[in-house]
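Here is how the chains run, residue by residue.
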Amino acid sequence: DEEDARIQWANAMRLAVTRPDALNADGSINQMFFKPKKVVFESASKRWTDVERAALYAGLEAHGVGEWSTMKGADKVLADWDTLTLRVKASRMMGTQSLARYPKGWKANKATV
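Residues numbered from 1 in each chain as written. Predicted model: local features only at pLDDT ≥ 70, side-chain atom pairs only at ≥ 80, totals over all residues. Heavy atoms only, no water.

A. Representation of the overall build of the chain. For the chain, the helix and strand inventory stands at five helices and zero strands. Walking the chain from its N terminus toward its C terminus, one meets helices and strands in the order α-α-α-α-α. Relative to the globule expectation of 13 Å for 113 residues, the C-alpha radius of gyration of the chain, 22 Å, shows a markedly less compact shape. The C-alpha extent of the chain, read off along each of the three principal axes, is 65 × 30 × 20 Å. (Helix = DSSP H or I, 4+ residues; strand = E, 2+ residues; numbered from the N terminus. Rg over C-alpha atoms; globule rule 2.2 N^0.38 Å.)

Below, the structure written as C-alpha cells:
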C-alpha cells in the first residue's frame, strides 16, 4: 500500500545519505545510535555555590555579557569554570536560552538580571 511504499522510499533515502552506524540494515533508524553513551551527573563538587553565583553577577556588572575570559582572569572564584559553563550559567541566571539578544559587553547587575 501507499504507506509501505513511503516507508520503503524513506529507508532507501536514509541508506543513501546517512552514516551506516545510525541505521539498521533495512534503512530504518537505529534508535540505540542516538541514546547517550555515557550519562554524567553533576557532582556536589561541581555545583555552583552562592559565592560563585555572586562572582558571576559581579562579573556581568563589571565586564558585561560575552567577556567570559576577562571574568575568569579577574576573579579567582570563576577561574575554575570554563568559558562555556560561564556563558550557560549566565544565560540560565538571566532566564534566556540565548544571549544573542544582548550585545557583547552589555552590563547588568543582579537586579537587572
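Past the structure itself, the notes keep going.
B. Summary view of the nonpolar core. Within the largest apolar cluster, 16 residues are counted, with the highest numbers of intra-cluster contacts made by L56, L60, V65, W68, L78 and L86. Of all the secondary-structure elements, those providing two or more residues to this core are α3 (50–62), α4 (68–74) and α5 (83–93). With four residues, α3 is the largest single contributor of residues to this core. In this structure L60 touches V65, W68, M71, A90, M93, M94, W106, K107 and A108, once residues within four positions along its chain are discounted. (Core = buried A, V, L, I, M, F, W, Y, C linked by side-chain atoms within 4.5 Å. Buried < 20%, exposed > 50% of the residue type's maximum accessible area, 1.4 Å probe, protein only. Contact = heavy atoms within 4.5 Å.)

C. Structural detail: the pattern of salt bridges. Taken as a whole, this structure holds three salt bridges when the rule is applied. Among the ionic pairs, E3 bridges to R6, the shortest N-O distance being 3.0 Å. In this pair, E3 and R6 are both assigned in helix α1 (residues 2–17), three residues apart and thus about one turn of the helix distant. Judged by relative accessible area, E3 falls into the partly exposed class, the value being 42%. Residue classification places R6 among the partly exposed positions, given a relative accessible area of 48%. In this structure, R19 and D21 form a salt bridge, with 2.8 Å as the shortest nitrogen-oxygen distance. (Salt bridge = Lys/Arg side-chain N within 4 Å of Asp/Glu carboxyl O.)

D. Broad picture of the environment of G95. Along the chain, the position of G95 falls in the segment after α5. For G95, a relative accessible area of 67% puts it in the exposed group. The sequence separation of G95 and V113 amounts to 18 residues, and the corresponding C-alpha distance is 8.1 Å.

E. Up close: the packing of aromatic side chains. By the definition in use, this model includes three aromatic pairs. The interplanar angle of 85 degrees and the centroid separation of 4.9 Å between the aromatic rings of F33 and F34 together place this pair among those described as edge-to-face. Given a relative accessible area of 55%, F34 falls into the exposed group. Taken together, a centroid distance of 4.6 Å and an interplanar angle of 15 degrees make the contact between W48 and W81 stacked. With a gap of 33 residues between them, W48 in the loop between α2 (31–34) and α3 and W81 in the loop between α4 and α5 connect regions that are remote in the sequence. (Phe/Tyr/Trp six-rings, centres within 6.5 Å; stacked < 30°, edge-to-face > 60°.)

By themselves, these figures tell us nothing about what the structure is for.
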